[in-house]
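Letter by letter, the chains look like this.
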Amino acid sequence: MRGADRRPPFAGLEGREPEELFGALPTPCYILDEKALRRNGELLAGVARRTGCKMLLAQKAFSNFNLYPLLAPYVDGTEASGLYEARLGFEEMPGRQVHVFSPAYRAEQWEEMLGYASHIVFNSPRQLSRFGPSAKARGKSVGLRINPQCSTQNHPIYDPCAPGSRLGVTREQWDREMTPELAALLDGLHFHTLCEQDADALELTLTAVEESFGGVLPRMQWLNMGGGHHVTRPGYDVPRLEGCIRRAAERWGLQVYLEPGEAWALNAGYLAARVVDVVENAGVSTAILDASAACHMPDVLEMPYRPSVYGAGEAGEGRYMFRLGGPTCLAGDVMGEYGFDRPLAPGNFLLFGDMAIYTTCKNNTFNGLPLPPIYARREDGALECLKAFGYGDFKDRLGREM
């Protein structure tokens, strides 16, 4: 999961101190690293080239479209989970496929969605029956999400195969509800069961898919194996992944799609922050930062996980232990406990790693905190502000002036 072994999140600093590189930037701020993005893109494109699969960018993890031109040479299309993501992929990755999956499509958005999507995946026979014919009439490729009922992780919030899951059609549901007329609408099947996992989990899942839906797959044109493949993490078993792709493509004569999200931007960004104050309570020293876990890196609380901080170790490492917390009124707005070789003091610069994913696309303005500006670290090392935010971004989303 989030804490698994991976490429060091600060390898891109090349031995230089973070404050030397980024100390002149306002804090908090996000910094997206072009070199790391290109490295990830080249690795994923290599898998596609060797296997014939197509790689999609799942925008739910990374949707910083200013950097889509850099990723475009490696991307076959985008994956969207909602109307606005579909529109973003259509507009910012022009000429490429736009795949969409939603647990339930809304009638009032349907016509607009058809204008953006090339592939539309449904979550239930009921939705397929309601919207599938009009999608086919508009020339869209139609799919259905399946649930192979094969859990490979221990985090129920991220497990689409957990008992009672609302995601995907089980074989029992298929046999009960899928009529020949509905099945005839389908061009492909889709499963998404992984979360930051290696290819062994995919291999196990693919066996479960074959056991449940192997008789259906030869009638399909494509199979989307979803996301959660941690392909760009060091140590990931790329040959095993490629074997799974070839297995499906050759056994059932299918075009295989993968839709990783965070693999595109893994370890390709930072969140810079500074210490604002240090407080003591019951022997615990807490450095209050200008960055918030709740607002600026919500996966820290939702996953949950403990993000990497440059120069910091585990709580028992180093001479000084500090809990890092945010400036909101949420008591649990805490990133974790860390060991430092020196005590922290107001003004100290800190750098969090692996902050390109599930941050800029998930952050919020709870407590009226400003959204951090977003910078790009260009491949020549130059820093460029892509987007700055202000009071209007907080106020305008809540209403209009009377």
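Because the structure is predicted, anything quoted here is derived from the model rather than measured.

### Examining the nonpolar core
One finds Leu189, Leu223, Leu324 and Phe352 to be the most contacted residues of the largest nonpolar core, which totals 106 residues. Apart from residues lying up to four places away in sequence, Leu189 is in contact with Leu144, Ile146, Trp174, Phe213, Val216, Leu217, Met220, Trp222, Leu223 and Asn224. Within the second largest apolar cluster, twelve residues are counted, among which are Phe10, Leu21, Tyr270 and Tyr375.

### Notes on the sheet that holds strand β8 (residues 222-224)
In spatial order, the strands read β2-β3-β4-β5-β6-β7-β8-β9; together these eight strands close into a barrel with parallel pairing. Strand-to-strand twist in this sheet, taken as the mean axis angle between neighbours without regard to direction, amounts to 25°. Where strand β2 (residues 54-58) and strand β9 (residues 255-258) come together, two bridges link them in parallel fashion. Each residue of the ladder has a partner; that of Lys54, found in β9, is Tyr257.

### Things to note about the packing of helix α9 (residues 199-213) against helix α10 (residues 238-252)
Running from N to C, α9 and α10 point in directions that differ by 20°, and their axes come no closer than 8 Å. Put simply, α9 runs roughly parallel to α10. Seen along the crossing, α9 lies across α10 with a hand that is left-handed. Contact residues: α9 offers Ala199, Asp200, Leu202, Glu203, Leu206, Thr207 and Glu210, while α10 offers Arg240, Leu241, Cys244, Arg247, Arg251 and Trp252. Of the residues in the contact of α9 with α10, the class split is six nonpolar, one polar and six charged.

### Side note on the packing of aromatic side chains
Summed over the entire model, instances satisfying the criterion amount to 13 aromatic pairs. Centre to centre, the rings of Trp174 and Phe213 are 5.9 Å apart; their planes meet at 75°, and the pair counts as edge-to-face. Placement of the pair is Trp174 in helix α7 (residues 171-177) and Phe213 in helix α9, with a sequence separation of 39 residues. Taken as a pair, Trp174 and Phe213 share a single burial class, namely buried. One aromatic cluster is present, formed by Phe10, Phe22, Tyr270 and Tyr310 through successive ring pairs. The ring of Phe101 has Arg145 lying over it, and the distance from NZ or CZ to the ring centre is 4.9 Å.

### Considerations on the pattern of salt bridges
One pass over the full model with this rule turns up 24 salt bridges. Notably, a salt bridge pairs Glu14 with Lys35, separated by 3.8 Å at the nearest N-O pair. Of this pair, Glu14 sits in the segment before α1 (18-22) while Lys35 sits in helix α2 (residues 34-51), and the two are 21 residues apart along the sequence. Taking the relative accessible area as the measure of exposure, Lys35 reaches 44% and is therefore partly exposed.

### Quick notes on the layout of surface pockets
Roughly 830 Å³ of internal volume is contained in the largest pocket. Those elements giving two or more residues to the lining of the largest pocket turn out to be α11 (262-265) and α13 (299-302). One number sums up the size of the second largest pocket: a volume of about 560 Å³. Looking at the lining of the second largest pocket, the element that brings in the most residues is helix α4 (residues 83-92), giving three residues. Considering only residue class, the lining of the second largest pocket consists of nine nonpolar, seven polar and six charged.

### A look at the side chain of Asn147
Summarising the element assignment, Asn147 is placed in the loop between β6 (141-145) and α7. A polar atom in the side chain of Asn147 sits 2.8 Å from the backbone nitrogen of Gln149. A distance of 3.4 Å separates a polar atom in the side chain of Asn147 from the backbone oxygen of Pro160. Discounting chain neighbours no more than four positions away, the residues touching Asn147 are Pro160, Cys161, Ser165, Leu167, Gly168, Val169, Thr170 and Phe213.

Cut-off values and rules
Residues numbered from 1 in each chain as written. Predicted model: local features only at pLDDT ≥ 70, side-chain atom pairs only at ≥ 80, totals over all residues. Heavy atoms only, no water. Core = buried A, V, L, I, M, F, W, Y, C linked by side-chain atoms within 4.5 Å. Buried < 20%, exposed > 50% of the residue type's maximum accessible area, 1.4 Å probe, protein only. Contact = heavy atoms within 4.5 Å. Pairing = 2+ DSSP bridges. Helix = DSSP H or I, 4+ residues; strand = E, 2+ residues; numbered from the N terminus. Axes fitted to C-alpha atoms, helices over the stretch in contact; angles between N-to-C directions. Parallel < 35°, antiparallel > 145°, perpendicular 65-115°, else oblique. Left-handed = near helix turned anticlockwise from the far one by under 90°. Nonpolar A, V, L, I, M, F, W, Y, C, P; charged D, E, K, R; others polar. Phe/Tyr/Trp six-rings, centres within 6.5 Å; stacked < 30°, edge-to-face > 60°. Lys NZ or Arg CZ within 6 Å of the ring centre and 35° of its normal. Salt bridge = Lys/Arg side-chain N within 4 Å of Asp/Glu carboxyl O. 1 Å grid on protein atoms, 1.4 Å probe; cavity = no way out; pocket = protein on both sides within 12 Å on 5 of 7 lines; lining within 4 Å. Points joined across faces, edges and corners; volume = space filled by probe spheres on them. Polar contact = N/O pair within 3.5 Å; in protein donor to acceptor, adjacent residues only side chain to side chain.

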